[in-house]
Amino acid sequence: MKTIILIPFGGLANRLRAIASGLALRESENVQLKILWIDRPELNCPYNKLLEGIAGVSIKNVSNNYFWKALLRYIKTVSLPNFLVITDDFIKEELEEGYFGLKANYKSFWKGRLKEKNLIISCREFYKYSFKEMNLLKPHNSILTKLNSFVIANDLKNFIGFHIRYTDNQLSLDHSPIELFELRIKECLANGEKIVVCTDSDFIKERLSKEFENRIIFPLITRNRTSIEGLQDAYFELLLLSRSEKIYASYGSTFSLYASELGGCELSLMKMKEKTE
């Protein structure tokens with residue numbers, strides 16, 4: 001049986017989308033899937049601290065970032081028979097279209113392309129996945145416990161989610177100023193909506209808390225994304241957003257995109273209008 005070795009990289013949502021793609025490709029092409037999870041600066045957390053195992057999938061965790069650097073050098077200089085290497089740059093050029101989406105011909109791209117051994121290195125979607133694949137990615141039990149406790153404590157049967165990315169994503173900073181969110185929050189409050197705000201910025205939390213006082217809900221989390229606890233809390237927030245009726249989100253972030261896909265809720269991107277001459 002043909003084998004795919006998948007190395008997902010990037011932030012949390014990037015990796016989740018890549019793994020979901022790998023699971024979908026596995027089923028479509030009837031191949032074996034192995035996952036090599038590498039702890040890296042942008043997500044320095046072992047797989048088993050975030051996710052449970054996946055039936056039928058071998059998962060190996062590598063905590064040494066030197067392995068990543070050596071691997072990149074290796075694939076650029078070595079060519080082996082019956083061994084295919086698909087890099088993220090290649091996927092972006094050949095398959096990506098629109099807002100982190102896929103070209104219509106993505107299935108034909110993969111048909112007959114795979115060899116006996118295949119290495120896919122990606123931080124993006126490369127095969128269309130569905131809730132079936134996303135549901136195979138089971139969060140660590142401690143994260144689910146925290147999520148369910150928070151939902152019950154705050155009576156979150158129906159709510160509007162806001163995801164404000166403000167520290168590490170240039171697209172979000174360039175296109176989604178905080179003033180857009182403030183206006184939309186005011187509208188939602190005027191309509192009697194319950195609001196939950198998830199943000200990576202203490203500055204944003206302080207600003208909105210001062211403006212709206214106790215009328216919006218902030219999860220109590222660790223915002224240090226270099227710690228295991230902080231990354232577990234990031235996953236908690238992603239899952240929380242997925243339970244909202246609608247997500248208003250910063251432009252250019254797969255975090256809110258994956259949350260909306262997982263929960264089947266509407267995603268509205270808060271983006272400034274393009275200036276015209």
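Criteria and thresholds
- The written sequence of each chain sets the order in which its residues are numbered from 1.
- Totals for whole chains, interfaces and linings use every residue, but because this is a predicted model, local features are given only for residues with pLDDT of at least 70 and side-chain atom pairs only at 80 or more, for both listing and counting.
- Think of the side-chain values as coming from all heavy atoms in the structure, minus any hydrogens and water.
- The term salt bridge refers to a pairing of a side-chain nitrogen on Lys or Arg with a carboxyl oxygen on Asp or Glu at a separation within 4 Å.
- Every helix listed is a DSSP run of H or I at least four residues long, and every strand listed is a run of E at least two residues long, numbered separately from the N terminus.
- The rule is simple: take the accessible area with a 1.4 Å probe, protein chains only, and divide by the maximum for that residue type; under 20% is buried, over 50% is exposed, in between is partly exposed.
- Here, the term nonpolar core denotes a set of buried Ala, Val, Leu, Ile, Met, Phe, Trp, Tyr and Cys residues that are joined through side-chain atoms within 4.5 Å.
- Only heavy atoms enter the contact rule, under which two residues are in contact if any of them lie within 4.5 Å.
- Strand pairing is assigned whenever DSSP identifies at least 2 bridges connecting the two strands.
- An axis is simply a line fitted to the C-alpha atoms; with a helix, the fit covers only the stretch in contact. Between two such axes, the angle follows the N-to-C directions and lies from 0 to 180 degrees.
- Throughout this description, any angle smaller than 35 degrees is read as roughly parallel, any larger than 145 degrees as roughly antiparallel, any in the 65 to 115 degree range as roughly perpendicular, and the remainder as oblique.
- Each helix crossing is assigned a hand: it is left-handed if the near helix lies turned anticlockwise from the far helix by less than a right angle, otherwise right-handed if that turn is clockwise.
- Polar here means any residue other than Ala, Val, Leu, Ile, Met, Phe, Trp, Tyr, Cys and Pro, which are nonpolar, and Asp, Glu, Lys and Arg, which are charged; Gly is therefore polar.
- Cysteine sulfur atoms that come within 2.5 Å of each other are treated as a disulfide pair.
- A crossover counts as right-handed when, viewed with the strands pointing away from the observer, the path leading from the first strand over the helix to the second turns clockwise.
- What counts as a ring pair is set by centres within 6.5 Å for rings of Phe, Tyr and Trp (its six-membered ring), and what kind of pair is set by the plane angle: stacked under 30 degrees, edge-to-face over 60, tilted for all other angles.
- Sitting over a ring, as applied to charges here, requires NZ of Lys or CZ of Arg to be within 6 Å of the ring centre and within 35 degrees of the ring normal.

**Concerning the pattern of salt bridges**
Part 1 of the reasoning: Here the structure, examined in full by the defined rule, presents 17 salt bridges.
Part 2 of the reasoning: The shortest N-O distance in the salt bridge between Arg17 and Glu125 comes to 3.2 Å. With a gap of 108 residues between them, Arg17 in helix H1 (residues 12-29) and Glu125 in the loop between strand E7 (117-122) and helix H5 (131-135) connect regions that are remote in the sequence. As far as burial versus exposure is concerned, Arg17 and Glu125 are alike and both buried.
Part 3 of the reasoning: Asp200 is the partner of Arg165 in a salt bridge, and the nearest nitrogen-oxygen pair spans 3.9 Å. Remark: Asp200 occurs in the loop between strand E9 (195-199) and helix H9 (202-212) and Arg165 occurs in the loop between strand E8 (160-164) and helix H7 (170-175); sequence separation between them is 35 residues. Considered together, Arg165 and Asp200 belong to a single accessibility category, that of buried residues.
Part 4 of the reasoning: Linked through salt bridges whose partners overlap, the residues forming this network are Arg17, Glu125 and Glu261.

**Comments concerning the nonpolar core**
Part 1 of the reasoning: Grouped together as the largest cluster of nonpolar side chains are 62 residues, with contacts concentrated most on Leu50, Trp110, Phe126, Leu238 and Leu240.
Part 2 of the reasoning: Here this core takes 9 residues from H1, the largest share from any one element.
Part 3 of the reasoning: For Leu238, the contacting residues outside a window of four places in its chain are Leu12, Ala13, Leu16, Phe255, Tyr258, Ala259 and Leu262.
Part 4 of the reasoning: Judged by nonpolar contacts, the second largest core, of 17 residues, contains Phe162, Ile164, Cys188 and Val197.

**Re the sheet that holds strand E11 (residues 266-270)**
Part 1 of the reasoning: Spatial ordering of the open sheet is given by E9-E8-E10-E11, a layout of 4 strands whose pairing is parallel. A single partner strand is all that each edge strand has here, and the edge strands are E9 and E11. Within the sheet, the average angular offset between the axes of one strand and its neighbour, ignoring direction, is 20°.
Part 2 of the reasoning: Note: E8 against E9, 5 bridges, orientation parallel. Its bridge partner lying in E9, Ile160 is registered against Ile195.
Part 3 of the reasoning: Each of E8, E9, strand E10 (246-250) and E11 touches helix H8 (residues 178-190); the most contacted strand, E8, lies at about 170° to it.

**Structural notes on the packing of H1 against helix H11 (residues 254-263)**
Part 1 of the reasoning: Where H1 meets H11, the axes come as close as 8 Å, and the angle between the chain directions of the two elements is 45°. Our classification of the angle between H1 and H11 gives oblique. With respect to the hand of their crossing, H1 and H11 are arranged in left-handed fashion. Seen from H1, the contacting residues are Ala13, Asn14, Leu16 and Arg17; seen from H11, they are Thr254, Phe255, Leu257, Tyr258 and Glu261.
Part 2 of the reasoning: Its residues placed into classes, the contact of H1 with H11 shows 5 nonpolar, 2 polar and 2 charged.

**Side note on the state of the cysteines**
Part 1 of the reasoning: With the rule as written, the count across this model stands at 0 disulfides.
Part 2 of the reasoning: There is no disulfide at Cys265, and the cysteine sulfur nearest it, in Cys198, is 11 Å away.

**Observations concerning the pairing of strand E1 (residues 3-8)**
Part 1 of the reasoning: Of all 6 residues making up E1, 5 are buried, and the element is well covered by its neighbours.
Part 2 of the reasoning: Two strands pair when backbone bridges link them, and E1 and strand E2 (residues 32-38) are joined in this way by 4 bridges, in the parallel orientation. Bridging across to E2, Thr3 finds its partner in Gln32.
Part 3 of the reasoning: Note on the crossover from E1 through H1 to E2: the handedness is right-handed.
Part 4 of the reasoning: Here E1 runs beside E7; their pairing, made up of 6 bridges, is parallel. In the sheet register, Leu6 faces E7, and the bridge partner there is Ile120.

**Quick look at the packing of aromatic side chains**
Part 1 of the reasoning: In the structure shown here, the tally under the stated rule is 12 aromatic pairs.
Part 2 of the reasoning: Aromatic rings pair up to connect Phe90, Phe109, Trp110 and Phe126 into one cluster.
Part 3 of the reasoning: In this structure, Arg15 is placed above the aromatic ring of Trp37, and the distance from its NZ or CZ to the ring centre is 4.6 Å.
Part 4 of the reasoning: Across from the ring centre of Phe109, 3.9 Å away, lies the NZ or CZ of Arg113, which sits over that ring.

Any functional reading would require information beyond the geometric quantities listed.
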